[in-house]
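Tertiary structure, described
Here is how the chains run, residue by residue.
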Amino acid sequence: MVLRDGADWVLRQIEGAQSEVSELLFEPVTRLGVTGLSRAGKTVFITSLVANLMDRGRMNQMRAVAEGRISAAYLEPQPDDDVPRFQFETHRGALYADPPHWPASTRAISQLRLSLRTHGGGLLSGFTGARASHLDIVDYPGEWLLDLSLIDKGYADWSREVLALAEHPARAGLGAEWRALMAETAPGDALDETRAQALATAFAAYLQESREAGFSNITPGRFLLPGDLEGSPALTFAPLPPGAPGGAKSLFRAFERRYDAYRRLLVKPFFRDHFARIDRQVVLVDLLAALDAGPAALEDLRASMAAVLSAFRPGRNTWLSGLLGKRVDRILFAATKADHIHHSQHARLAGLMQALVREAADRAQYRGAAVEAMAIAALRATVEQEVTRGGREIGVVRGRQGQGAEAVVHPGGLPDDPTRLLAAARSGAETWPEGLAYSATRFLPPILSAAPGEGPPHLRLDRAAEFLLGDRL
Amino acid sequence: MTDPNAPFTLDPADLPPPAETPQTAAQPDAPPPAMVRAAGLGRRRGGWLGKVFWGALGALVLVLATNALTVTINDLISRNAVFGQIALVLLGLLLFTVLIALIRELAALSRLASVETARAASVAARSGTMAEARAAAETVVKLYRNRADVRWGKAELAGRMAELVDPDALLDVTERELLAPLDRAAEQEVVSAARQVATVTAVVPMAAADVVVALVTSTRMIRRIAEIYGGRAGTLGAWRLFRAVMAHLVATGAVAVGDDLISSVLGGGVLSKVSRRFGEGVVNGALTARVGLAAMEVCRPMPFVATKRASVTSVVQRALTGLFNGRG
């Protein structure tokens, strides 16, 4: 009797170990990083992606869906205990509410696990049968990604760059209080905590103003979304004008220490715990808003894209590449809100996106990562129409605006050649030259009717998903 | 005498407008790849001499036949009015049926041509604008206007049409929704034809029987496939189809390559050790399957892009399952 019980126990242990090992070996996990500067549409993207993967009626461009190889998809409890869960149900509820509204925006990192059961399409499909694979979607603010460029930048260098950026005529009107404070500060002054606080607060206000004016090259990102570290020394520093650094108790030395603490306490842990584990990355960019804000905003966006991509470039210094066990092998740059323009202009939008990240993308491609630029809309908020105006047929979009009233909009034509826009941006012009004007509109989410088996409507979300995940299914 | 190398400027207004710059000028067409040329060879008509010869011969036969007919009927009328009239009525009936048949042949040919047009349009639209892609999809839908078996796909496509904004996406969906069920039906035809040919070769002990059966079965299979894809072929059409399929086979080299492969891959090698006839059956079945798959490619109103074409091996396996050893 005892012998039989013991044998049973051993068998159960072996079975348990077997299932664990098979989950480790045969249930691949793909970590998909979703990022973008705030208001780029991260939350809507994830909500729509997950909803569309659960109800796959509109995901025809995914090969696995078209071939009917995905048999089930469901949300599992996510495996990392220390990361908040992405509030999928709440956000989807917002889109399907009456009247629908946009979900609340990302304030910090969050994560969601979607498990898919697929049938293989390969040579061995007959042997393997259905298999499970997990998709971990990691959502984090794009500002944190910009912070990664601080990892190998000293305080003095960073300070100089921020000040140079602030001198740009388009930013000259921003942060008057901070500028006034800085004018009466020298790096060699003795550290006075009240003054330091005032400087940091004014600097944070300047960053906030810059972002509201449409600029995206903003560091340090946690000044905008401080979270529970607000007021701590690691978040109480600011760039200082050039001058003699002074002794150990000077303002410069204190800020330098705090800057290092910021990198050590916030940037590196994020890099190590989250960023370095990502397999696939989507960077969402609200290109249309930057076009609306003017040439300076577009140039700023280009610079911040270059900074973002330098984060995907390990090997520049050794400890970084040592940490980076895995590397991102597919990066998608998605120009979001493509539903705000007529589809005849989508190719130009994608072309502009491509031109914007061209240099950095070439580098990533050289290293063996696939990089693609697309124009997508995670949630299609408009319908299209053609109107005749001045003897020309013009494509317009039509959607809900404030108070739910309908608006018909032609936001302006994008040029065939994206270099015209980029050249204008680089030249530092105040406004767009003749014929390049573009004005963005804010649309409300559409009133969704949930047909059985269909997720929310979208533009090319299936294509984006195919690029990011197609080979893993 | 001024220096010919001295710098100078001209007013552009004095000059005629420049011809197209090299960037925008049309590139000279590169020679088509060898395969395309081979396909062209396969379906090339004879030279002008051949045309004149066949034309003259046909005209001569026609003149002689008309003459003989006229003489005979005149002769009949002059001998017996009743017989003559009966002959006249019969002749009229004959001409009438020939006319009807001719019209039907023409209609069949035009249907075949419209399938070809649809294919060309969908190939072109893949890299074109959305409007072109919509037009190409509409053409394919129109081919199956009255068909019940793709009704579901048509409804699905109509629902998706407004959602899609990429030409290739639209064409992919059209192909999957409309043509996938037809592909399955056509494959079934190929499977049963291959099975028939293989059985007859293996079982019927007459020497020439397999050749006759292969020819008859292939011709019927091609016709059925064309019907499934909406290009119902008449007699002339069937002949044209047959030529097109054969040209396609020659062009893709499918007849010559892999006869020896088939035998070893499908166990034909072992089978032919056991029985020479069974081995021949497998090879003949495989050839029929090749002809059938080529026919599918020729008759399909869109090329295979979004869906995979069936492989010869899989079709032969399905055809021979249960025929020889219960497992194929």
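Residues numbered from 1 in each chain as written. Chains lettered and ligands numbered in written order. Predicted model: local features only at pLDDT ≥ 70, side-chain atom pairs only at ≥ 80, totals over all residues. Heavy atoms only, no water.

**Some thoughts on the overall build of chain A**
Quick note on the threshold: Helix numbering and strand numbering both begin at the N terminus, where a helix is a DSSP run of H or I of at least 4 residues and a strand a DSSP run of E of at least 2. Values of the radius of gyration come from C-alpha atoms, whereas the globule rule sets the reference at 2.2 Å times the count of residues to the power 0.38. Exposed residues in this analysis have more than 50% of their type's maximum accessible area, buried residues have under 20%, and partly exposed residues fall in between, with area computed by a 1.4 Å probe over protein chains only. Each accessible area is a Shrake-Rupley estimate made with a 1.4 Å probe; only the visible protein chains count as cover when residues are assessed. Charge counting treats Lys and Arg as positive and Asp and Glu as negative, with His and both chain ends excluded. A charged residue contributes its charge at one atom only: NZ of Lys, CZ of Arg, CG of Asp or CD of Glu.
Of regular secondary structure, chain A possesses 17 helices and ten strands. Relative to a compact globule of 473 residues, whose C-alpha radius of gyration would be 23 Å, chain A shows 25 Å and is just as compact. For the C-alpha atoms alone, the extent of chain A along its principal axes is close to 85 × 75 × 45 Å. Per-residue burial for chain A yields a buried fraction of 52% across its 473 residues. A total accessible area of about 21400 Å² is found for chain A, and carbon and sulfur atoms account for 53% of it. Side chains of chain A carry 54 positive and 56 negative charges; the gap between the two charge centres is 3 Å.

**Description of the sheet that holds strand β6 (residues 330-335) of chain A**
Residue and element names in this part refer to chain A. Basically, it comes down to this: When DSSP finds two or more bridges between a pair of strands, those strands are recorded as paired. Only the contacting stretch of a helix is used when fitting its axis, a line to C-alpha atoms as for every element, and angles between N-to-C directions run 0 to 180 degrees. Any two residues whose heavy atoms approach within 4.5 Å at even a single point are treated as in contact.
Judged by pairing direction, the sheet is mixed, and its seven strands sit side by side in the order β2-β3-β4-β1-β5-β6-β7 without closing on themselves. Strands with a single pairing partner mark the edges of an open sheet, and in this sheet they are β2 (70-76) and β7 (370-375). On average, each strand axis in the sheet is inclined to that of its neighbour by 20°, with strand direction left out of account. Judged from the six bridges that link them, strand β5 (residues 280-285) and β6 form a sheet pairing that is parallel. Across the sheet, residue Q281 finds its bridge partner in β6, namely I331. Where helix α14 (residues 346-356) meets the sheet, it contacts β5, β6 and β7, and its direction lies at approximately 140° from that of β7. Strand contacts of helix α17 (residues 461-469): β1 (29-36), β4 (130-139), β5, β6 and β7, with the helix running at about 165° to β6, the strand carrying the most contacts.

**Looking at the sheet that holds strand β10 (residues 406-409) of chain A**
Residue and element names in this part refer to chain A. Read across the sheet, three strands follow the order β8-β9-β10 without closing on themselves; strand pairing throughout is antiparallel. Strand pairing shows two members of the sheet lacking a second neighbour, β8 (382-389) and β10, which therefore form its edges. With direction set aside, neighbouring strand axes in the sheet form an average angle of 30°. The pairing of β8 with strand β9 (residues 392-400) spans eight bridges and is classified as antiparallel. When the sheet's bridge partners are listed, V383 is paired in β9 with R398.

**As for the packing of aromatic side chains**
All names here are of chain A. Rule in force here: Between 30 and 60 degrees the pair is tilted, below 30 it is stacked and above 60 it is edge-to-face, where a pair is any two Phe, Tyr or Trp rings, Trp via its six-membered ring, whose centres lie within 6.5 Å.
A complete count under the given rule lists 19 aromatic pairs over all chains for this structure. An angle of 50° between the planes, with centres 5.3 Å apart, marks the rings of W178 and F203 as tilted. Of this pair, W178 sits in helix α8 (residues 176-183) while F203 sits in helix α9 (residues 193-212), and the two are 25 residues apart along the sequence. Assessed through its relative accessible area of 0%, W178 is described here as buried.

**Structural notes on the side chain of R119 of chain B**
All names here are of chain B. Applicable threshold: What makes a salt bridge here is a side-chain nitrogen of Lys or Arg within 4 Å of a carboxyl oxygen of Asp or Glu, nothing more. As used in this structure description, the phrase polar contact means that two N or O atoms lie within 3.5 Å; if the pair is within protein, one of them must be able to donate a hydrogen and the other to accept it, and residues adjacent in sequence are counted only when both atoms belong to side chains.
Mapped onto the elements of the fold, R119 is located in helix α3 (residues 81-125). E116 provides the closest opposite charge to the buried, unpaired R119, separated from it by 4.9 Å. A distance of 2.7 Å separates a polar side-chain atom of R119 from the backbone oxygen of V298. Setting aside residues no more than four positions away along its own chain, R119 makes contact with E297, V298, C299, R300, P301, M302 and P303.

**What about the interface of chain B and chain A?**
Inclusion rule: By buried area we mean how much accessible surface two parts lose on assembly, using a 1.4 Å probe and totalling the loss over both. Note that Gly is not counted as nonpolar here; it falls among the polar residues with everything else outside the nonpolar set of Ala, Val, Leu, Ile, Met, Phe, Trp, Tyr, Cys and Pro and the charged set of Asp, Glu, Lys and Arg.
Taken residue by residue, the interface counts 14 residues in chain B and 13 residues in chain A. Together, the buried faces of chain B and chain A total about 1300 Å²; carbon and sulfur atoms form 36% of this surface. When the buried area of chain B at its contact with chain A is split by residue, E163, V165 and R176 of chain B rank highest and sum to 41% of it. Remark: the boundary between chain B and chain A carries five salt bridges. In this structure, the salt-bridge partner of D166 of chain B is R460 of chain A, at a minimum N-O distance of 2.5 Å. Counting across the chain B and chain A interface gives seven residue pairs in polar contact (both at pLDDT 80 or more). At the level of secondary structure, the elements contributing two or more residues to the side of chain B that touches chain A comprise α4 (130-143) and α6 (167-203) of chain B. Residue contributions to the side of chain B that touches chain A peak at five residues, all from α6 of chain B. For the side of chain B that touches chain A, the class distribution of residues is seven nonpolar, no polar and seven charged.

**Re the nonpolar core**
Applicable threshold: Each nonpolar core is a collection of buried residues, namely Ala, Val, Leu, Ile, Met, Phe, Trp, Tyr and Cys, held together in the definition by side-chain atoms within 4.5 Å.
Membership of the largest hydrophobic core comes to 88 residues, with the highest contact counts inside it found for L287 and L298 of chain A. Counting residues per element, this core draws most heavily on helix α10 (residues 251-273) of chain A, which supplies nine residues. Residues L182, Y229, F304 and V315 of chain B belong to the second largest nonpolar core, which totals 55 residues.

**Some points on the pairing of strand β3 (residues 110-119) of chain A**
All names here are of chain A. The buried fraction of β3 is high, at eight of ten residues. Pairing analysis gives six bridges linking β2 to β3, with the strands arranged antiparallel. Each residue of the ladder has a partner; that of L75, found in β3, is L114.

**Some thoughts on the pattern of salt bridges**
If you walk through the whole model with that rule in mind, you get 38 salt bridges over all chains. Salt-bridge contacts for D260 of chain A lead to R263 of chain A; the nearest nitrogen and oxygen are separated by 3.0 Å. With D260 of chain A and R263 of chain A both in helix α10, this residue pair falls three residues apart, about one helical turn. In this structure, E175 of chain B engages R300 of chain B in a salt bridge whose closest nitrogen and oxygen atoms are separated by 3.3 Å. Taken together, the residues span a long stretch of sequence, with E175 of chain B in helix α6 and R300 of chain B in the loop between α11 (276-299) and α12 (312-320) at a distance of 125 residues. Exposure class is identical for E175 of chain B and R300 of chain B. Each is buried.

**Examining the pairing of β6 of chain A**
All names here are of chain A. The buried count for β6 comes to five of six residues, which makes it a mostly enclosed element. Strand direction decides the pairing type here: β6 and β7, joined by six bridges, are parallel. Within β7, the residue paired with I331 across the bridge is V371.

**Some remarks on unusual backbone geometry**
Residue and element names in this part refer to chain A. Put simply, D98 and P99 share a cis peptide bond, and its omega is -5°. Structurally, P99 is set in the loop between α4 (88-96) and β3. At the junction of T219 and P220, the peptide bond is cis and its omega measures out at -10° in the coordinates. Along the chain, the position of P220 falls in the loop between α9 and α10. Here K337, not a glycine, exhibits a phi torsion of approximately 60°, which is positive.

**Description of the confidence of the model for chain B**
Atom-level detail of predicted coordinates should not be read off regions where pLDDT is low. All names here are of chain B. Worth spelling out the cut-off: Each residue carries a pLDDT value, the predictor's own confidence for that position, ranging from 0 to 100.
Residues of chain B with pLDDT of at least 70 account for 79%, and the chain-wide mean is 78. Between the elements of chain B, mean pLDDT differs from a low of 46, seen in helix α1 (residues 34-43), to a high of 91, seen in helix α2 (residues 48-79). Note on residues 21-42: pLDDT under 50 across the span, and eight contacts to partners over four residues away in sequence or across chains. At the level of chain-chain contacts, confidence expressed as ipTM amounts to 0.74, with global pTM at 0.78.

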